[in-house]
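# Structural description and commentary
Here is what each chain is made of, one letter per residue.
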Amino acid sequence: MQLKCRCGETFSVEVKEGVTAACPSCGMTYAIARDAAGKLSARILKGRKETPKPAAGQQSTCPSCGSPLPATAVLCVKCGYSREAGRQIGGATVAPTQRA
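In short, a report on the structure. Note that the coordinates shown come from a computational prediction; the quantities given were computed from them, not determined experimentally.

Looking now at a nonpolar patch on the surface. A contiguous nonpolar patch, built from Val74, Leu75 and Ile89 and spanning about 220 Å² of accessible area, is present on the exposed surface. Along the chain, Ile89 turns up in the segment after β9 (87-88). Residue classification places Ile89 among the partly exposed positions, given a relative accessible area of 39%.

A few words now on the side chain of Ser67. Relative to the assigned elements, Ser67 resides in the loop between β6 (59-61) and β7 (68-70). Apart from the residues lying within four places of it in its own chain, the contact partners of Ser67 are Ser60, Thr61, Cys62, Cys76 and Lys78.

Its place among the elements puts Glu84 in the loop between β8 (81-82) and β9. Sequence-wise, Glu84 and Val74 are 10 residues apart; in three dimensions their C-alpha atoms are separated by 6.6 Å.

In this section: the nonpolar core. Within the largest apolar cluster, 11 residues are counted, these being Leu3, Cys5, Phe11, Val13, Val19, Ala21, Cys23, Cys26, Met28, Tyr30 and Ile32. Leave out the neighbours within four places in its chain, and Ile32 touches Met1, Val13, Glu14, Lys16, Glu17, Gly18, Val19, Leu40, Ser41 and Ala42. Formed by 5 residues, the second largest nonpolar core is a distinct cluster that contains Cys62, Leu69, Ala73 and Tyr81.

As enumerated under the stated definition, the model contains 1 salt bridge in all. In this structure, Glu17 and Arg34 form a salt bridge, with 3.3 Å as the shortest nitrogen-oxygen distance. Note that Glu17 is positioned in the loop between β2 (10-12) and β3 (20-22) and Arg34 in strand β4 (residues 29-34), a separation of 17 residues in sequence. For Glu17, a relative accessible area of 48% corresponds to the partly exposed category.

Attention now moves to the packing of aromatic side chains. One pass over the full model with this rule turns up 1 aromatic pair. A centroid spacing of 6.2 Å and a plane angle of 55° characterise the contact between Phe11 and Tyr30, whose relative ring orientation is tilted. Of this pair, Phe11 sits in strand β2 while Tyr30 is found in strand β4, placing the two residues 19 residues apart along the sequence. The same class applies to Phe11 and to Tyr30, which are both buried.

With that settled, consider the environment of Pro68. Following the sequence through the fold, Pro68 ends up in strand β7. Classification of Pro68 by relative accessible area gives exposed; the value is 58%. Distance in space between the C-alpha atoms of Pro68 and Lys78 is 9.6 Å, their sequence separation being 10 residues. Among residues more than four places away in sequence, those in contact with Pro68 are Gln59, Ser60 and Thr61.

Further remarks concern the side chain of Arg83. You can see Arg83 is positioned in the loop between β8 and β9. Side-chain polar atoms of Arg83 contact the backbone oxygen of Ala73, separated by 2.9 Å.

Calculation criteria
Residues numbered from 1 in each chain as written. Predicted model: local features only at pLDDT ≥ 70, side-chain atom pairs only at ≥ 80, totals over all residues. Heavy atoms only, no water. Patch = residues over 30% accessible without salt bridge, like charges linked within 9 Å, V, L, I, M, F, W, Y side chains within 5 Å. Areas by Shrake-Rupley, 256 points an atom, 1.4 Å probe, with all protein chains shown as cover. Salt bridge = Lys/Arg side-chain N within 4 Å of Asp/Glu carboxyl O. Helix = DSSP H or I, 4+ residues; strand = E, 2+ residues; numbered from the N terminus. Buried < 20%, exposed > 50% of the residue type's maximum accessible area, 1.4 Å probe, protein only. Contact = heavy atoms within 4.5 Å. Core = buried A, V, L, I, M, F, W, Y, C linked by side-chain atoms within 4.5 Å. Phe/Tyr/Trp six-rings, centres within 6.5 Å; stacked < 30°, edge-to-face > 60°. Polar contact = N/O pair within 3.5 Å; in protein donor to acceptor, adjacent residues only side chain to side chain.

So this is what it looks like as structure tokens:
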């Protein structure tokens, strides 16, 4: 079965009760279990791995879109990925600045 993680990564998981699989991108762990209706489905077993931050002065890349990020960045301004939340956050838009 193809499973789409909350981080956006799609990966294969064996459809068998008791099987666990971790997202290759963020490390979120899923378990295959029966739901209330008796169907097998994937459920989050354990949260994501902490997104490592580079040492001060170093550059890294956004785990979501691959854009360059300074070591001190918490949020990717290109795609909205938050290192603290471990996912893209949304809902806010930036209004263009007006020149006088």
